[in-house]
Amino acid sequence: MSWSNYGKRTALPGKSGDFSMMDKGFWKNKRVLITGHTGFKGSWLTLWLHSLGARLFGYGLMPEDDESLYNVCDVSKCIQSYYGDIRDQVFLQKALEESDPEIIFHMAAQSLVRTSYENPIETYEVNVLGTAYLLEVVRLMRTKNPVKPIAIVNVTSDKCYENMEWEWGYRENDSLGGYDPYSNSKACAELVTSSYRSSYFPPEAYTFHKVGLASARAGNVIGGGDWALDRLIPDCIRSIRNGEPIILRKPTATRPWQHVLEPLSGYINLAQKLFLEGRAYASAWNFGPLEKDNSSVEDVVKLMLSIWGDSLPIQIDRREQPHETRQLMLDCSRANGLLKWKPRWDVTEAVIKTVEWYKNYTSQKNMLDITLQQIRHYEVS
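Residues numbered from 1 in each chain as written. Predicted model: local features only at pLDDT ≥ 70, side-chain atom pairs only at ≥ 80, totals over all residues. Heavy atoms only, no water.

## Considering helix α1 (residues 40–51)
Next up, step 1: Spanning 12 residues, α1 covers 17 Å between terminal C-alpha atoms, matching the ideal 16 Å at 1.5 Å per step.
Next up, step 2: Burial within α1 is extensive, with 11 of its 12 residues counted as buried.
Next up, step 3: If you check which residues of α1 are buried, you get Phe40, Lys41, Gly42, Ser43, Trp44, Leu45, Thr46, Leu47, Trp48, Leu49 and Ser51.
Next up, step 4: Positive backbone phi, at 95°, marks Gly53, one or two positions downstream of α1. (Helix = DSSP H or I, 4+ residues; strand = E, 2+ residues; numbered from the N terminus. Expected span 1.5 Å × (residues − 1). Buried < 20%, exposed > 50% of the residue type's maximum accessible area, 1.4 Å probe, protein only.)

Written as structure tokens, this is what we have:
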């Protein structure tokens, strides 16, 4: 698919869904800023919003990997980019003043648990101070021009909760915590968000400041185009490429696995609601899979290998490892009820779509086409 006819879509076979409560027309020509737009989730979100007609601006680091989704799908062609560090408040302010966004998705982050053990200070700087810098820039801008509404979705993590190894899902009002630096930094980012909302953008005074500020907590996201180290699916793909055994650290650990399009659909719906009715939706939200789709690491790997058609051996790394939670689930009943959002693909379908993407990449297919096809299939599923 060439970029000249990008967005000219035809109907696909399948069920006709309302895509939760999202109004696709709402996004046409909306000025949207995505921080972290060069990352895995940011690239998927950019492609999706561009297909809906949004006018996109991005703030993030230049991707170093030629295989990144951002490079493979030429995402830069559908977004005006500001390449910079989220900790550079001066350049960040310049980007916001020039882009003048109506909606902001804050996704710039250090997103790996094991990396946070190695670089805790950088993790806190990026995830906590980066969030504070963004919200401070918005605050300063609003003192000059508080006329039009602006919606901000700060994307954090399911790991922001104080993990009690419960057998049930965490709700948005459960205690924040986080054992490792990454998880804890995301809890801190939630607290920063809450503080700015209470101090500067209180929902009860929305008619004066017109800022709808919410946070979004998703599960363990999988999907095509993720090449991060120490993530389950990318590590498995590398093992398949090299014909090496798959090494698992915590095979029995249970996680809320979901395809990347699931939480992104939640963020999109939430942002629309925030923009239109900021006071009612300015809070924290969970976007996770159904409880039945919480699966162990080993079960997901076996499912992936069976779909791929490979029989690589699985080995357990029995060396002492940094602490990782044993069980983690999200209760998404609030989003189900108030946002009318619900997951569409179960864990099997999520793995099928993920394998489909990587197999097409291995076969050197046009990955922009493949990625857009998966987005369209999700919309009508």
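## Let's talk about the packing of helix α13 (residues 347–362) against helix α14 (residues 367–380)
Next up, step 1: Running from N to C, α13 and α14 point in directions that differ by 165°, and their axes come no closer than 10 Å. Considering their axes alone, α13 and α14 lie roughly antiparallel with respect to each other. You can see that α13 and α14 cross each other, and the crossing is right-handed. Here Lys353, Glu356, Trp357, Asn360 and Tyr361 of α13 come into contact with α14, specifically with Met367, Ile370, Thr371, Gln374 and His377.
Next up, step 2: Classifying every residue of the contact of α13 with α14 by side-chain character gives four nonpolar, four polar and two charged. (Axes fitted to C-alpha atoms, helices over the stretch in contact; angles between N-to-C directions. Parallel < 35°, antiparallel > 145°, perpendicular 65-115°, else oblique. Left-handed = near helix turned anticlockwise from the far one by under 90°. Contact = heavy atoms within 4.5 Å. Nonpolar A, V, L, I, M, F, W, Y, C, P; charged D, E, K, R; others polar.)

## With respect to the state of the cysteines
Next up, step 1: Applying the stated rule across the entire model yields zero disulfides.
Next up, step 2: In this model Cys160 remains outside any disulfide bridge; the closest cysteine sulfur is found in Cys188, 11 Å from its own.
Next up, step 3: Taking relative accessible area as the criterion, Cys160 reaches 0% and is therefore assigned buried. (Disulfide = S-S within 2.5 Å.)

## Structural notes on the nonpolar core
Next up, step 1: Core analysis: the biggest nonpolar cluster contains 84 residues, and Trp27, Leu49 and Phe105 have the highest contact counts within it.
Next up, step 2: Here this core gets eight residues from one element, more than from any other, and that element is helix α9 (residues 261–276).
Next up, step 3: Beyond its immediate sequence surroundings of up to four residues, Phe105 is in contact with Trp27, Val32, Leu33, Ile34, Thr35, Leu45, Leu49, Val153, Tyr267, Ile268 and Ala271.
Next up, step 4: Membership of the second largest hydrophobic core comes to 24 residues, among which are Ile86, Val126, Ile152 and Val211. (Core = buried A, V, L, I, M, F, W, Y, C linked by side-chain atoms within 4.5 Å.)

## Here's the deal with the packing of α1 against α9
Next up, step 1: At a closest axis distance of 10 Å, the pairing of α1 and α9 adopts a crossing angle of 60°. Classified by the interaxial angle, the pair formed by α1 and α9 is oblique. The two elements α1 and α9 meet at a crossing, and its hand is right-handed. Where α1 approaches α9, its residues Lys41, Trp44, Leu45, Trp48 and Leu49 are matched on the opposing element by Leu261, Leu264, Ser265, Tyr267 and Ile268.

## Details of the confidence of the model for the chain
Next up, step 1: Mean pLDDT over the chain: 91, with 92% of residues reaching 70 or higher.
Next up, step 2: Segment residues 1–19: pLDDT under 50, and 41 contacts once partners within four positions in sequence are set aside and those in other chains are kept. (pLDDT = per-residue confidence, 0-100.)

## As for the side chain of Ser265
Next up, step 1: Turning to its location among the elements, Ser265 is positioned in helix α9.
Next up, step 2: Of the polar contacts made by the side chain of Ser265, one reaches the side chain of Tyr378; its length is 3.1 Å. (Polar contact = N/O pair within 3.5 Å; in protein donor to acceptor, adjacent residues only side chain to side chain.)

## Section: the packing of aromatic side chains
Next up, step 1: Inspection of every chain in the model, using the stated rule, returns 17 aromatic pairs.
Next up, step 2: Centroid distance Phe26 to Trp27: 5.0 Å. Interplanar angle 85°. Geometry classified as edge-to-face. The same class applies to Phe26 and to Trp27, which are both buried.
Next up, step 3: Look at Tyr267 and Phe287: their rings are 6.0 Å apart centre to centre, the planes differ by 75°, and that puts the pair in the edge-to-face class. Residue Tyr267 is found in helix α9, and its partner Phe287 is found in strand β10 (residues 284–287); the two are separated by 20 residues along the sequence. The same class applies to Tyr267 and to Phe287, which are both buried.
Next up, step 4: Every member of this aromatic cluster is reached through a ring pair, and the members are Phe26, Trp27, Phe105 and Phe275.
Next up, step 5: Cation over ring: Lys30 sits above Phe26, and NZ or CZ is 4.3 Å from the ring centre.
Next up, step 6: Above the plane of the ring of Tyr378 lies Arg344, whose end atom (NZ or CZ) is 5.9 Å from the centre. (Phe/Tyr/Trp six-rings, centres within 6.5 Å; stacked < 30°, edge-to-face > 60°. Lys NZ or Arg CZ within 6 Å of the ring centre and 35° of its normal.)

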